[in-house]
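# Tertiary structure, described
This is what each chain is made of:
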Amino acid sequence: ITDGAPITFTNVYDPSDAEITLNGMIEKELVGRDFAAGDEFTFAVFPDGQSSFTDTTGALLIGKSTGKNVSFGTSVITLDRVGTYKFDVVEIEGSIPSVSYSKRIYDLVVDVEDIGGSLAYRAYFEDSAENKVTFKNYYSPDEVSHVVRGEKLLTGRRMLLGAFGFIMPKVA
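Just so we're clear, the structure is a prediction, and the values are computed from it rather than from any experiment.

The rules behind the values
- Residues numbered from 1 in each chain as written.
- Predicted model: local features only at pLDDT ≥ 70, side-chain atom pairs only at ≥ 80, totals over all residues.
- Heavy atoms only, no water.
- Helix = DSSP H or I, 4+ residues; strand = E, 2+ residues; numbered from the N terminus.
- Buried < 20%, exposed > 50% of the residue type's maximum accessible area, 1.4 Å probe, protein only.
- Polar contact = N/O pair within 3.5 Å; in protein donor to acceptor, adjacent residues only side chain to side chain.
- Pairing = 2+ DSSP bridges.
- Salt bridge = Lys/Arg side-chain N within 4 Å of Asp/Glu carboxyl O.
- Core = buried A, V, L, I, M, F, W, Y, C linked by side-chain atoms within 4.5 Å.

### Concerning the side chain of Lys 28
Here Lys 28 shows up in strand β2 (residues 26-31). Judged by its relative accessible area of 2%, Lys 28 falls in the buried class. Reaching out from Lys 28, the side chain makes a polar contact with the side chain of Glu 91 at a distance of 3.1 Å.

### Observations regarding the pairing of strand β3 (residues 41-47)
Within β3, six of the seven residues are buried, which leaves it mostly tucked inside the rest of the structure. Bridge analysis of β3 against strand β7 (residues 83-92) gives six bridges, and the strand direction is antiparallel. Looking across to β7, one finds that Phe 43 is bridged to Glu 91.

### As for the pattern of salt bridges
A full pass over the atoms with the stated rule returns eight salt bridges. A salt bridge links Glu 93 to Lys 103; its shortest N-O distance comes to 2.6 Å. Of this pair, Glu 93 sits in the loop between β7 and β8 (99-100) while Lys 103 sits in the loop between β8 and β9 (106-115); the two residues are 10 residues apart in sequence, bridging distant segments of the chain. Note that Arg 104 is salt-bridged to Asp 127, the shortest N-O span being 3.5 Å. Linking Arg 104 in the loop between β8 and β9 with Asp 127 in the loop between β10 (118-125) and β11 (133-139), this pair joins segments that are 23 residues apart in sequence.

### Digging into the nonpolar core
Of all hydrophobic cores here, the largest spans 26 residues; its most connected members are Ile 20, Leu 22, Ile 77, Val 89, Leu 108, Val 110 and Phe 125. When residues of this core are assigned to their parent elements, the largest contribution, four residues, is made by β9. Counting residues in each nonpolar core, the second largest holds five residues, with Ala 44, Phe 46, Phe 53 and Ile 92 among its members.

Honestly, it's all geometry; don't read function into it.
Structure representation (structure tokens):
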């Protein structure tokens, strides 16, 4: 300071990251049967316009469902800058027999702002007034056919045409 050189002060501003969670915002519906043990559904977040239903390259796998509610870890997406971010949220096609998987792409928007040195966010789905989306799958088993063969034996008298009939009731 004594030699007359200017003094330089350097300030570093580094707000804490915004850790976005989607808990309570995504649900799963299976039409045609109840959820069964071993059923598992996977969801992913892709950068806007880059989604895939089968290839998870570049995706952030965000949660699994073994029933109606999708469970996530403590944080899904971490953002470190103020701005508006857009993502595609999709269900990854699974391999449960006779289940057709949702091809729906939901548009997730995350607005991040600086509030007193911390990044705060508001996440919402563009296509949902309630800010909750449902991925719907359909269970439709293949039809099964079977030919039933049998014979009726009558002893003690002659069988008359049409004297006996057989009924096969429908079993639920």
